[in-house]
Amino acid sequence: VVPFKPRSRLRTYAVAAAICLAVLPLAAFTGWEAGWLPSSYERYDAATGLRQITLGDGSQVELNLGTELVYSNYKDQRRITLKKGEAFFKVSHDSAHPFIVHAGEGQVRVTGTQFNVWKYEDQVRVMLLEGSVQISSDKVHGSVPLTPGMQANYQQGDATPRVRAITPNDTALAWRQGKLILDNLALADALPLINRYLSKPVMLADANTGTIRIGGIYNINEVNNLVPSLPKVLPVYLTQNQDGNPVLNAIPRKTPKG
């Protein structure tokens, strides 16, 4: 019987650990050179209010309330993943190191510019103020260019984004001043803008309710107070579904007695 030698086993573990420590930096360097691994990984959120951050490349980003994003610096690109919410970017120019924002089922590719990206569930909207960007789908080859003063919308299942001009009275960027401006919008269009600030999204009882229009200027930190006040200003009443979400129902119009 060969006697047990604990020191020999410890020595083996020590050698294995030393080899791992020596190999890890080499593997990381190889991953960086191949473009597989980032040199830095930064996660940001704006859980309680608006937030301004500076990324490792010097780019400036403003985060709307409830936004979550991740920044990764790779050898051949700077990559943002917008998990949810909204962000305004002022990107440091670097044509050899493009800045790419992944949002939903598409991405925005730039080298240096100013633009806004909003994501709610599977909906994404990109607004370009300065410079140029290329928008592409994860499922379709090719890209769509945007020029300043243009915006693009896409959602799950879209082959190409819908592109149109930003109107002079567009209020989408009012969030940068802490405001939500609803300019006579149908509830079907207004609720995605309202729900991004709520823990329990408001639902519509039917398509007819979605045609009712709403307007007003609201503080983004007080949107929770907006929902219970809607029956006071609109022809609707509130119920609750089985998941606990508030539901807007249109008040039936009375038929005149003839």
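Look a little higher up for the structure.
What comes next is a walk through the structure. None of these values were measured; they are calculated from a predicted model.

### Some details on the overall build of the chain
Step number 1: In terms of regular secondary structure, the chain is built from four helices and 18 strands.
Step number 2: Relative to all contacts within the chain whose residues are 6 or more apart in sequence, the contacts with residues 24 or more apart total 45%.
Step number 3: By element, 54% of the accessible surface of the chain is carried by carbon and sulfur atoms, the whole surface being about 14900 Å².

### Considering the sheet that holds strand β15 (residues 203–204)
Step number 1: What the three strands build is an open sheet, ordered β15-β18-β17; its pairing is mixed. Strand pairing shows two members of the sheet lacking a second neighbour, β15 and β17 (236–240), which therefore form its edges.
Step number 2: Relative to strand β18 (residues 246–250), β17 is paired through five bridges, and the arrangement is antiparallel. Bridging from a neighbouring strand, threonine 239 pairs with valine 247 of β18.

### Some words on the environment of glutamine 60
Step number 1: In this fold, glutamine 60 is placed in strand β3 (residues 60–63).
Step number 2: Here glutamine 60 falls in the partly exposed class, since its relative accessible area comes to 37%.
Step number 3: The contact partners of glutamine 60, leaving out residues within four places of it in the chain, are Ile53, Thr54, Phe88, Phe89 and Lys90.
Step number 4: Reaching out from glutamine 60, the side chain makes a polar contact with the side chain of threonine 54 at a distance of 3.2 Å.

### A few points about the packing of aromatic side chains
For any pair of aromatic rings, the description rests on two quantities: the centre-to-centre distance and the angle between the ring planes.
Step number 1: By the definition in use, this model includes two aromatic pairs.
Step number 2: A centroid spacing of 5.0 Å and a plane angle of 20° characterise the contact between phenylalanine 89 and phenylalanine 115, whose relative ring orientation is stacked. You can see phenylalanine 89 sitting in strand β5 (residues 78–90) and its partner phenylalanine 115 sitting in strand β8 (residues 114–120), a full 26 residues away along the chain. The pair formed by phenylalanine 89 and phenylalanine 115 is uniform in burial state, with each residue classed as buried.
Step number 3: Linked through ring pairs, Phe89, Phe99 and Phe115 together constitute an aromatic cluster.
Step number 4: Across from the ring centre of tyrosine 74, 4.3 Å away, lies the NZ or CZ of arginine 79, which sits over that ring.
Step number 5: Taking NZ or CZ as reference, arginine 176 lies 3.7 Å from the ring centre of phenylalanine 88, over its face.

### Focus: the pattern of salt bridges
Step number 1: For the coordinates displayed, the defined rule picks out seven salt bridges.
Step number 2: With a shortest N-O distance of 2.6 Å, arginine 78 and aspartate 57 are connected by a salt bridge. One end of the pair, arginine 78, is in strand β5; the other, aspartate 57, is in the loop between β2 (51–54) and β3, and 21 residues separate them in sequence.
Step number 3: A salt bridge links glutamate 62 to arginine 176; its shortest N-O distance comes to 2.8 Å. Of this pair, glutamate 62 sits in strand β3 while arginine 176 sits in the loop between β13 (162–165) and β14 (179–186), and the two are 114 residues apart along the sequence.
Step number 4: One continuous salt-bridge network, built from bridges that share partners, spans Arg43, Asp45, Glu68 and Lys84.

### Some words on the nonpolar core
The nonpolar side chains of soluble globular proteins are, as a tendency, buried together.
Step number 1: Counting 29 residues, the largest nonpolar core has Leu180, Leu182, Ile194, Ile214, Leu230, Leu234 and Leu248 as its most contacted members.
Step number 2: Those elements giving two or more residues to this core turn out to be β8, β14, α2 (187–195), α4 (226–233) and β18.
Step number 3: Broken down by element, this core gets its largest block of residues, five residues, from α2.
Step number 4: With near-sequence residues (within four places) excluded, leucine 182 lies in contact with Ala190, Leu193, Ile194, Ile214, Gly215, Gly216 and Tyr218.

### Re the side chain of lysine 119
Step number 1: If you trace the backbone, lysine 119 turns up in strand β8.
Step number 2: As a buried residue without a salt bridge, lysine 119 has its nearest oppositely charged side chain in aspartate 122, at a separation of 8.0 Å.
Step number 3: Within polar-contact distance, the side chain of lysine 119 engages the backbone oxygen of lysine 83 at 3.3 Å.
Step number 4: Engagement of the side chain of lysine 119 in a polar contact is seen with the backbone oxygen of glutamate 121, the distance being 3.1 Å.
Step number 5: In this structure lysine 119 touches Leu82, Lys83, Lys84, Gly85, Ala103, Gly104 and Val124, once residues within four positions along its chain are discounted.

### Quick notes on α4
In an α-helix, one turn spans 3.6 residues, which is why side chains three or four residues apart end up on the same side.
Step number 1: Of the positions making up α4, those classed as buried are Leu226, Val227 and Leu230. All buried residues of α4 lie within an arc of 85° about the axis, which places them on one face of the element. Exposed positions of α4 whose direction lies more than 90 degrees from the buried face are Pro228 and Lys232.
Step number 2: For α4, the secondary structure elements touched by its buried residues are α2, β16 (213–219), β17 and β18.

### Details of the pairing of strand β4 (residues 68–73)
Step number 1: Of all six residues in β4, five are buried, a share of seventy percent or more.
Step number 2: Where strand β1 (residues 40–45) and β4 come together, six bridges link them in antiparallel fashion. Its bridge partner lying in β4, tyrosine 44 is registered against leucine 69.
Step number 3: Of the pairings in the sheet, the one linking β4 to β5 comprises six bridges and is antiparallel in character.

About the thresholds
Residues numbered from 1 in each chain as written. Predicted model: local features only at pLDDT ≥ 70, side-chain atom pairs only at ≥ 80, totals over all residues. Heavy atoms only, no water. Helix = DSSP H or I, 4+ residues; strand = E, 2+ residues; numbered from the N terminus. Contact = heavy atoms within 4.5 Å. Areas by Shrake-Rupley, 256 points an atom, 1.4 Å probe, with all protein chains shown as cover. Pairing = 2+ DSSP bridges. Buried < 20%, exposed > 50% of the residue type's maximum accessible area, 1.4 Å probe, protein only. Polar contact = N/O pair within 3.5 Å; in protein donor to acceptor, adjacent residues only side chain to side chain. Phe/Tyr/Trp six-rings, centres within 6.5 Å; stacked < 30°, edge-to-face > 60°. Lys NZ or Arg CZ within 6 Å of the ring centre and 35° of its normal. Salt bridge = Lys/Arg side-chain N within 4 Å of Asp/Glu carboxyl O. Core = buried A, V, L, I, M, F, W, Y, C linked by side-chain atoms within 4.5 Å. Lys, Arg positive; Asp, Glu negative; His and termini not counted. Arc of directions from axis to C-beta.

In short, geometric facts, not functional conclusions.
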